[in-house]
Amino acid sequence: GRTIKRVKNSTDPASAPGERVHNDGVVVQIFLAAQGVLRKLYFSSTIDRYSKVGMVVVGEHLVPALTIASHQALEKILGEPIKEKISDNGSENLGACIEFYEGENIVQLFTYPHAPKQNAVCERFNRTFQEECLLGKRIDLAQSIKDIQEQINAWLIEYNTERPHEGIDNMTPIRKLVTWKFRQLPKDRQADPICGQMLWRGTHSRLRKKNDIECP
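## Brief notes about the pattern of salt bridges
Pairing between side chains becomes possible if they bear opposite charge and their charged atoms approach one another. One pass over the structure, following the stated rule, counts 7 salt bridges. Taking the shortest distance from any N to any O, the salt bridge between Lys181 and Glu80 comes out at 2.9 Å. On the criterion of sequence distance, the pair formed by Lys181 in helix H5 (residues 173-183) and Glu80 in the loop between helix H1 (64-78) and strand S4 (84-87) is long-range, its members being 101 residues apart. We note a salt bridge from Glu158 to Arg138, for which the minimum N-O separation is 3.2 Å. Taken together, the positions of Glu158 in helix H4 (residues 145-161) and Arg138 in the loop between helix H3 (120-134) and H4 put the pair 20 residues apart, joining distant regions of the chain. Judged by its relative accessible area of 26%, Glu158 falls in the partly exposed class.

See the structure below:
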């Protein structure tokens, strides 16, 4: 009975962290020879359009709870409320997920069917994640969900804090985020030489805390 809102212009820029985020999922199947079983893992990726800060949460079921966990983990890193989310039409974005976003007064926009370019920001992020972590075998997918998430977090720290991005003036995502936060401060606070360091430590510690991410 709900009216689905579609993306009108997926190339619209964002002017602040949390103004617009993109979400998508990755599904991986691996055969565990020792146990003789086929394992299926799901990864929910959410990336901030403005700062390019990304988040990935792993689970054994692609359900709304996984999408919500990815959203909440990214929101903790940003330290800013998310206002709009763009995703495809998968079941993990429906049902309880729609109710969650309505309850938080967050605009949820869906891409048109068979239009992955409307979610290109997250598609590109997922490509990097797959090439470096999944295909690159940086992450041992035979481990427990908790251990896999910890390995993903280690990669995310590198991605968000050490790697410059051309799309954000060759800054790292965290630097882009902290620069925005710094510019929102009163002029007298900006003149404080340790102010920027405090912003940095607060953001970085949130990414490192294992308990910030709950894997469904």
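Past the structure itself, the notes keep going.
## So, the packing of H1 against helix H2 (residues 96-103)
One way to put it is that H1 packs onto H2 with a least axis distance of 8 Å and a crossing angle of 35°. Contacts from Pro64, Thr67, Ile68, His71 and Gln72 of H1 reach H2 at Ala96, Cys97, Phe100 and Tyr101. Looking at the contact of H1 with H2, its residues break down into 6 nonpolar, 3 polar and no charged.

## Structural notes on the packing of aromatic side chains
Evaluation of the coordinates by the stated rule reveals 6 aromatic pairs. Linked through ring pairs, Phe43, Phe125, Phe129, Trp155 and Tyr159 together constitute an aromatic cluster. The positively charged end of Arg6 is found above the aromatic ring belonging to Tyr112, 5.5 Å away from the centroid.

## Considering the sheet that holds strand S1 (residues 21-32)
Read from one edge to the other, the open sheet built from 5 strands follows the order S3-S2-S1-S4-S5, with strand pairing classed as mixed. Two strands lie at the open edges of the sheet, namely strand S3 (54-59) and strand S5 (107-110), each paired on one side alone. Pairs of neighbouring strands in the sheet enclose a mean axial angle of 25°, with direction left out of account. Where H2 meets the sheet, it contacts S4 and S5, and its direction lies at approximately 140° from that of S5.

## Some thoughts on the nonpolar core
Counting residues in hydrophobic clusters, the biggest one holds 43 residues, and the most contacted among them are Phe43, Phe129, Leu141, Ile148 and Ile152. For this core, the secondary structure elements donating two or more residues are S1, strand S2 (37-48), S3, H1, H2, H3, H4 and H5. With 7 residues, H1 is the largest single contributor of residues to this core. If sequence neighbours within four positions are ignored, Ile152 has contacts with Phe43, Val56, Val58, Phe129 and Ile139.

Calculation rules
Sequence order as written defines residue numbering, which begins from 1 separately in each chain. Where local features are concerned, this predicted model is filtered to residues with pLDDT of at least 70; where side-chain atom pairs are given and counted, the filter is 80 or more; whole-chain, interface and lining totals use all residues. Computation of side-chain values covers all heavy atoms of the structure but excludes hydrogens and water. The term salt bridge refers to a side-chain nitrogen of Lys or Arg lying within 4 Å of a carboxyl oxygen of Asp or Glu. The helix count covers DSSP runs of H or I at least four residues long, the strand count covers runs of E at least two residues long, and both are numbered beginning at the N terminus. For every residue, the accessible area obtained with a 1.4 Å probe (protein chains only) is divided by the maximum for its type, and the residue is called buried under 20%, exposed over 50%, and partly exposed between those limits. For helices, the fitted axis covers only the stretch in contact; all axes are lines through C-alpha atoms, and the angles between them, taken along N-to-C directions, range from 0 to 180 degrees. In what follows, a contact means two residues having at least one pair of non-hydrogen atoms within 4.5 Å. Each residue is assigned to one of three groups, with Ala, Val, Leu, Ile, Met, Phe, Trp, Tyr, Cys and Pro labelled nonpolar, Asp, Glu, Lys and Arg labelled charged, and all others, Gly among them, labelled polar. Only rings of Phe, Tyr and Trp enter the pairing, Trp through its six-membered ring, and a pair is recorded when the two centres are within 6.5 Å. The plane angle decides the type: under 30 degrees is stacked, over 60 is edge-to-face, the rest tilted. Geometrically, a charge over a ring is one whose NZ (Lys) or CZ (Arg) sits within 6 Å of the ring centre while staying within 35 degrees of the ring normal. At least two DSSP bridges between two strands are needed for those strands to be called paired. Definition used in this section: a nonpolar core is a set of buried Ala, Val, Leu, Ile, Met, Phe, Trp, Tyr and Cys residues joined via side-chain atoms within 4.5 Å.

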